[in-house]
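Read off the chains here:
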Amino acid sequence: MEDFYSPVAEFYDLVGRAHSAGETALRERLSAFTDIHDPVLDIGAGTGRTVLAIAETVPLVDILAVEPAPAMRAVLTHCVAQRPELRRRVTIIPDTVDKLQLPERLGAVVAFGVLGHLTTEARQALWSILLPRLAPGASVFVELLPVEKPMVLPTMTLASETIGQRHYHATLEGEPGPNDTMLLTSCWTVSGGPCATQVIRNRSVWHTFGLDDLARETGLHAERLTAQAGVLYV
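If you're wondering where the values come from, they're calculated on a predicted model, not measured in any experiment.

Peer 1: Explain the sheet that holds strand β7 (residues 166–176) to me, please; I cannot follow it from the model alone.
Peer 2: Backbone-to-backbone hydrogen bonds pair the strands of a sheet. The strands run either parallel or antiparallel. What the four strands build is an open sheet, ordered β6-β7-β8-β9; its pairing is antiparallel. Taken across any chain shown, the strands that pair with only one partner, and hence form the sheet edges, are β6 (153–163) and β9 (198–207). Each neighbouring strand pair of the sheet contributes to a mean axis angle of 15 degrees, computed without reference to strand direction. In this structure, β7 lies alongside strand β8 (residues 181–191), joined through ten bridges in antiparallel fashion. Considered in β8, the bridge of glycine 174 is made with leucine 184.

This is the structure in structure tokens:
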């Protein structure tokens with residue numbers, strides 16, 4: 001999978017601050033489970049926001065944090081290394097899931113902001129690996145763009161934050177790409193303080209589908225938690 005995230009990894013957590021509904025829903029749903037004893041797999045763990053959500057709501061279990069993007073993984077490693085309780089439980093993995101020797105059973109799977117980077121065939125291959133390993137009662141938590149078919153996505157604000165003397169403003173826009181894809185362009189403008197204004201543009205590809213499509217692919221039931229987050233379960 002192409003690395004769409006390293007060019008803007010330094011800004012990633014600012015987006016998370018502005019769009020935290022999915023993480024809040026993940027925490028609420030995970031905290032309701034009292035019988036997760038097997039490792040939790042976090043696919044596309046990013047800078048660690050979902051790792052923290054898992055660790056703080058599901059006590060004791062090991063967490064397998066998969067993050068292939070080097071810059072994102074650097075922030076994730078820093079996050080984990082600073083907390084003794086995470087150092088004991090979190091294993092940071094640079095490879096993709098298909099290259100791993102996963103445990104026989106998984107207590108849950110979290111895949112926030114990642115499945116849209118996979119083709120239908122790649123998702124089917126992923127499900128063939130994961131579904132046989134789900135422990136009884138285990139759920140798969142997903143976060144998707146709320147775009148189920150290619151379309152023109154007007155420019156929208158992703159984040160607007162000030163740190164010290166610098167102001168960070170991000171926008172996102174999109175247009176239809178080949179087949180089922182959207183071509184997404186994010187633009188970060190960083191201004192103020194004693195240095196010149198920066199403008200960083202980053203383009204990524206997202207395959208469009210919805211939560212119901214994932215339910216059909218997996219044979220699992222689907223429940224929407226927020227506009228972008230949902231859960232799949234037996």
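That was the structure; now back to the text.
Peer 1: Got a minute to help me understand the environment of leucine 183 in this structure?
Peer 2: Examined against the element boundaries, leucine 183 turns out to sit in strand β8. The class for leucine 183 is buried, based on a relative accessible area of 18%. Distance in space between the C-alpha atoms of leucine 183 and glutamate 104 is 37 Å, their sequence separation being 79 residues. When sequence neighbours within four positions are dropped, the list of residues in contact with leucine 183 reads Glu173, Gly174, Glu175, Pro176, Gly177, Arg203, Ser204 and Val205.

Peer 1: Before we go on, may I ask you to explain empty space enclosed by the protein in this structure?
Peer 2: Rolled over the atoms, a probe sized like a water molecule indicates the empty space that remains. Evaluation of the coordinates by the stated rule reveals one cavity of 30 Å³ or more. Estimated volume of the largest cavity: approximately 50 Å³. Tyr12, Gly44, Ala45, Gly46, Thr47, Arg49, Thr50 and Phe112 together form the lining of the largest cavity.

Peer 1: Would you mind showing me how to read the environment of threonine 197 here?
Peer 2: For threonine 197, the position within the fold is in the loop between β8 and β9. In this structure threonine 197 comes out as partly exposed when scored by relative accessible area, which is 49%.

Peer 1: It is not clear to me how helix α2 (residues 21–31) should be interpreted in this structure. Could you clarify?
Peer 2: Along α2, the residues that are buried comprise Gly22, Glu23, Ala25, Leu26 and Leu30. Looking straight down α2, one finds its buried side chains confined to an arc of 160 degrees; they lie on one side. Tucked inside the fold, the buried residues of α2 contact α3 (49–57), β4 (106–112), β5 (134–143) and β11 (229–233).

Peer 1: What am I meant to see in the sheet that holds β4 here?
Peer 2: Overall, mixed pairing links the seven strands, which are arranged β3-β2-β1-β4-β5-β11-β10 in an open sheet. If you trace the sheet from one side to the other, it starts and ends with β3 (90–93) and β10 (221–224), each paired once. Across the sheet, the axes of successive neighbouring strands diverge by a mean angle of 15 degrees, strand direction being ignored. In the sheet, β5 pairs with β11 via five bridges, with the strands oriented antiparallel. What sits directly across from phenylalanine 141, in β11, is valine 231. Running over the sheet, helix α4 (residues 70–81) touches β2 (63–66) and β3 and is turned about 165 degrees from β3.

Peer 1: How should the packing of aromatic side chains be read in this particular structure?
Peer 2: Given two aromatic rings, one states the distance between the centres and the angle between the planes to describe the pair. Counted under the stated rule, the structure contains three aromatic pairs. With centroids separated by 6.0 Å and ring planes inclined at 85 degrees, the aromatic side chains of tyrosine 5 and tyrosine 12 adopt a geometry described as edge-to-face. Judged by its relative accessible area of 23%, tyrosine 5 is partly exposed. Looking at tyrosine 12, the relative accessible area reads 22%, which means it is partly exposed. Ring plane angle 20 degrees and centroid distance 4.7 Å describe the contact between phenylalanine 11 and tryptophan 188, whose orientation is recorded as stacked. In this pair, phenylalanine 11 sits in the segment before α1 (12–18) while tryptophan 188 sits in strand β8, placing the two residues 177 residues apart along the sequence. This pair shows no difference in class: phenylalanine 11 is buried, exactly as tryptophan 188 is. Among the aromatic residues, those joined into a ring-pair cluster are Phe11, Tyr168 and Trp188. When the ring centre of phenylalanine 209 is taken as origin, the NZ or CZ atom of arginine 123, which lies over that ring, is 3.9 Å away.

Peer 1: Any chance you could explain the pairing of β4 here in plain terms?
Peer 2: Side-chain direction in a regular strand flips from residue to residue, so the side chains alternate between the two faces of the sheet. Summarising burial for β4: seven of the seven residues are buried, a large majority. Where strand β1 (residues 40–43) meets β4, three bridges bridge the pair, whose relative direction is parallel. If you follow aspartate 42 over to β4, its bridge partner there is valine 110. Where β4 and β5 come together, six bridges link them in parallel fashion. Counterpart to leucine 106 in the pairing with β5 is leucine 134.

Cut-off values and rules
- Residues numbered from 1 in each chain as written.
- Predicted model: local features only at pLDDT ≥ 70, side-chain atom pairs only at ≥ 80, totals over all residues.
- Heavy atoms only, no water.
- Pairing = 2+ DSSP bridges.
- Helix = DSSP H or I, 4+ residues; strand = E, 2+ residues; numbered from the N terminus.
- Axes fitted to C-alpha atoms, helices over the stretch in contact; angles between N-to-C directions.
- Buried < 20%, exposed > 50% of the residue type's maximum accessible area, 1.4 Å probe, protein only.
- Contact = heavy atoms within 4.5 Å.
- 1 Å grid on protein atoms, 1.4 Å probe; cavity = no way out; pocket = protein on both sides within 12 Å on 5 of 7 lines; lining within 4 Å.
- Points joined across faces, edges and corners; volume = space filled by probe spheres on them.
- Arc of directions from axis to C-beta.
- Phe/Tyr/Trp six-rings, centres within 6.5 Å; stacked < 30°, edge-to-face > 60°.
- Lys NZ or Arg CZ within 6 Å of the ring centre and 35° of its normal.

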